[in-house]
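# Chain and residue survey
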Amino acid sequence: MIPDAAHADTMQERLIVGLDLPTLKEAEKAVRELDGIVSFYKIGYQLAFAGGLDFARELASGGTRVFLDMKLLDIDNAVAKGVDNIVRMGVSMLTIHAYPKTMKAAVEAAKGSDLCLLGVTVLTSMDEQDVIDAGYEYDPHTLVLRRSEQALHAGMGGIVCSAEEAEAVRRIVGPDLAVVTPGIRPKGSDHGDQKRVVTPAQAIRNGSSHLVVGRPIVGAADRRAAAEAILHEMRSA
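In this text, all values refer to a predicted model and were calculated from it rather than measured experimentally.

### Examining the environment of T64
Secondary-structure assignment places T64 in the loop between α3 (45-61) and β3 (65-72). A relative accessible area of 24% places T64 in the partly exposed class. Remark: the alpha-carbon pair of T64 and S39, spanning 25 residues in sequence, is separated by 5.7 Å. Ignoring any residue separated from it by four or fewer positions in sequence, one finds T64 in contact with S39, Y41 and L59.

Here is the structure:
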């Protein structure tokens, strides 16, 4: 865990823009367009498999913070070896599915580093029926809280959850862990495939330490204006 994971000083440091784009060229263009406004980016599956891992190293080496959204889940040894190599990339955050054994293996592998490990609780694209269909006996809210407790006990650096659950999660994990919330949608914007969504201002009020915003910014005609509008809303919370 990194000491400032839940204590970003400015709203700019608390906004993570998801580079959910199909090519490295488009991602590089987005970063250029957002220069001076955004200082933290998420790289997930789509970009990772299009040269995004090298791009993550490049951004991190230049001082830009990177959230590597890989949602690791495998046998303990495989997760530990993966985390060990990711530590060397210099990124700031990494997601792990919040399974107790998986989290413990990741925490042990990252020990002594500045990598903030985030436990993914329940995806924001899932509602109660989706959770039931996946075989869980809990509703999403209950499952998020249970996994947050397990992440805390495993020594993780933070939690990924919907901002709908951020307030309850914050009560469980305390002030020092990051509570990172995707599924952020400005009022009136298209929800897309997201089901548990919250506005930027409400997410801040609910106790989110970092907001992950992808399509509402990178899919906008004017990305700078979209990012500035979201930052303005965050500051008004």
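This is not the end of the story, as more comes after the structure.
### Comments concerning the pairing of β3
A large share of β3 lies buried, amounting to seven of its eight residues. Relative to β3, strand β2 (residues 40-43) runs parallel, the two sharing four bridges. Across the sheet, Y41 pairs through a bridge with V66, a residue of β3. Chirality of the crossover, the property in question, places the unit of β2, α3 and β3 among those that are right-handed. Note that β3 and strand β4 (residues 93-97) share three bridges and pair parallel. Its bridge partner being in β4, L68 is matched across the sheet by L94. On the question of chirality, the crossover connecting β3 to the parallel β4 by way of helix α4 (residues 76-87) is right-handed.

### Overview of the packing of aromatic side chains
In the structure shown here, the tally under the stated rule is one aromatic pair. Aromatic side chains Y45 and F49 sit 6.1 Å apart centroid to centroid with 25° between the ring planes, which places their arrangement in the stacked category. Here F49 and Y45 lie together in helix α3, a separation of four residues that amounts to about one turn. Given a relative accessible area of 43%, Y45 falls into the partly exposed group. What makes F49 exposed here is its relative accessible area of 68%.

### Details of the nonpolar core
Of all hydrophobic cores here, the largest spans 68 residues; its most connected members are L19, I43 and L94. Here this core gets six residues from one element, more than from any other, and that element is α3. With residues near it in sequence (within four places) discarded, L19 still touches A27, A30, V31, Y41, K42, I43, L47, F55 and V218. Listed in part, the 11 residues of the second largest apolar core include M93, L118, V160 and A178.

### Thoughts on helix α2 (residues 24-33)
Regarding α2, the residues found buried are A27, A30 and V31. Angularly, the buried residues of α2 cover 100° about the axis, an arc narrow enough to put them on a single face. Residues of α2 that are exposed and point more than 90 degrees away from the buried face comprise K25 and R32.

### Observations concerning the pattern of salt bridges
For the structure on display, the rule yields 10 salt bridges. Measuring nitrogen to oxygen at the nearest pair gives 3.8 Å for the salt bridge that ties K42 to D69. Residue K42 is located in strand β2, and its partner D69 is located in strand β3; the two are separated by 27 residues in the primary sequence. Accessibility classification places K42 together with D69 in one group, the buried group. Here D76 ties to K101 by a salt bridge, and the two come within 3.0 Å at their closest N and O atoms. On the criterion of sequence distance, the pair formed by D76 in helix α4 and K101 in helix α5 (residues 100-110) is long-range, its members being 25 residues apart. Among the ionic contacts, a cluster of salt bridges with common partners joins D20, K42, D69 and K71.

Definitions and cut-offs
Residues numbered from 1 in each chain as written. Predicted model: local features only at pLDDT ≥ 70, side-chain atom pairs only at ≥ 80, totals over all residues. Heavy atoms only, no water. Helix = DSSP H or I, 4+ residues; strand = E, 2+ residues; numbered from the N terminus. Buried < 20%, exposed > 50% of the residue type's maximum accessible area, 1.4 Å probe, protein only. Contact = heavy atoms within 4.5 Å. Pairing = 2+ DSSP bridges. Right-handed = clockwise from strand over helix to strand, strands pointing away. Phe/Tyr/Trp six-rings, centres within 6.5 Å; stacked < 30°, edge-to-face > 60°. Core = buried A, V, L, I, M, F, W, Y, C linked by side-chain atoms within 4.5 Å. Arc of directions from axis to C-beta. Salt bridge = Lys/Arg side-chain N within 4 Å of Asp/Glu carboxyl O.

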